[in-house]
Amino acid sequence: MNPHAKTEAAGGFVMRTASPFDIPLIAALHADSFAGVLAGQVWNETAVAEVLAMPGAYGLLAAPGEDISATGSLGAGNPEPAGFLLGCNGADSGEILSLGTARAWRRRGVARILLRAAMMRTEAAGIPRLFLEVAEDNVAARDRKSTRLNSSHTDISRMPSS
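These numbers were taken from a predicted model, which means no experiment stands behind them. (Residues numbered from 1 in each chain as written. Predicted model: local features only at pLDDT ≥ 70, side-chain atom pairs only at ≥ 80, totals over all residues. Heavy atoms only, no water.)

A.B. asks: Is there a simple way to explain helix H1 (residues 23-33) in this structure?
C.D. replies: At 3.6 residues per turn, the α-helix brings residues three or four places apart onto the same side. Buried within H1 we find Ile-23, Ile-26, Ala-27, Leu-29, His-30 and Ser-33. Taken around the axis of H1, the buried residues stretch over an arc of 160 degrees, which confines them to a single face. At its buried positions, H1 is contacted by helix H2 (45-52), strand S3 (57-64), strand S4 (83-89) and strand S5 (93-101). (Buried < 20%, exposed > 50% of the residue type's maximum accessible area, 1.4 Å probe, protein only. Helix = DSSP H or I, 4+ residues; strand = E, 2+ residues; numbered from the N terminus. Arc of directions from axis to C-beta. Contact = heavy atoms within 4.5 Å.)

Shown next, in the form of structure tokens:
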């Protein structure tokens, strides 16, 4: 997949595959997305780089906008992504390793758009299952999983709260 290929998405968001140049941006989004939630366990640039270096790993970025500029920026006139997804596809299953929405963009469908893109990527690769683990106290993710995704190959399980 072309790192700057756009995918039109519902709600006026565009997506692209993350590149190594996006590692600082993804680390900053992770920190913003999980501020006050992970008790200081947000992923820094080294952690993001290690994830993206794994075999089968990929990153997705979503931003408001209609087009990607010639420089590869997301959302013409609004280069700051609203959310990210880090995933990894293996031979038998895929897994969403981290998914976050910037606090300023919550409750606008960004995570749902990213999840659907990951599901499409997994299905296109012929992989039968995609896993997403969410914290037990992540009520927003747990309440929406069955009504919004409606995919037989996506398992969303609960991770005990810390």
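Next, the rest of the story.
A.B. asks: It is not clear to me how the pairing of S4 should be interpreted in this structure. Could you clarify?
C.D. replies: Counting buried positions along S4 yields 7 of 7 residues, so the element is predominantly enclosed. With burial as the criterion, each face of S4 is covered, one bearing Gly-83, Leu-85, Gly-87 and Asn-89 and the other bearing Phe-84, Leu-86 and Cys-88. As defined by bridge partners, S3 adjoins S4 across 6 bridges and the pair is classed as antiparallel. In the strand pairing of S4, Leu-61 is matched with Phe-84. (Pairing = 2+ DSSP bridges.)

A.B. asks: Help me out: how do you make sense of the packing of aromatic side chains in this one?
C.D. replies: What characterises a pair of aromatic rings is the spacing of the ring centres plus the angle enclosed by the ring planes. Summed over all chains, the structure comprises 1 aromatic pair. Residues Phe-13 and Trp-105 carry aromatic rings whose centres are separated by 5.8 Å and whose planes lie at 80 degrees to one another, so their mutual orientation is edge-to-face. Taken together, the positions of Phe-13 in strand S2 (residues 13-17) and Trp-105 in the loop between S5 and helix H3 (110-124) put the pair 92 residues apart, joining distant regions of the chain. On the accessibility criterion, Phe-13 (3% relative accessible area) is buried. The ring of Tyr-58 carries Arg-121 above its face, with NZ or CZ at 4.2 Å from the centroid. (Phe/Tyr/Trp six-rings, centres within 6.5 Å; stacked < 30°, edge-to-face > 60°. Lys NZ or Arg CZ within 6 Å of the ring centre and 35° of its normal.)

A.B. asks: I would appreciate a short explanation of the side chain of Asn-89 in the present structure.
C.D. replies: Among the structural elements, Asn-89 can be located in strand S4. Asn-89 sits in the buried class, given a relative accessible area of 14%. Side chain to side chain, Asn-89 and Thr-122 meet in a polar contact 3.3 Å long. Ignoring sequence-local partners within four residues, the contact set of Asn-89 consists of Pro-55, Gly-56, Tyr-58, Gly-94, Glu-95, Arg-121, Thr-122 and Ile-127. (Polar contact = N/O pair within 3.5 Å; in protein donor to acceptor, adjacent residues only side chain to side chain.)

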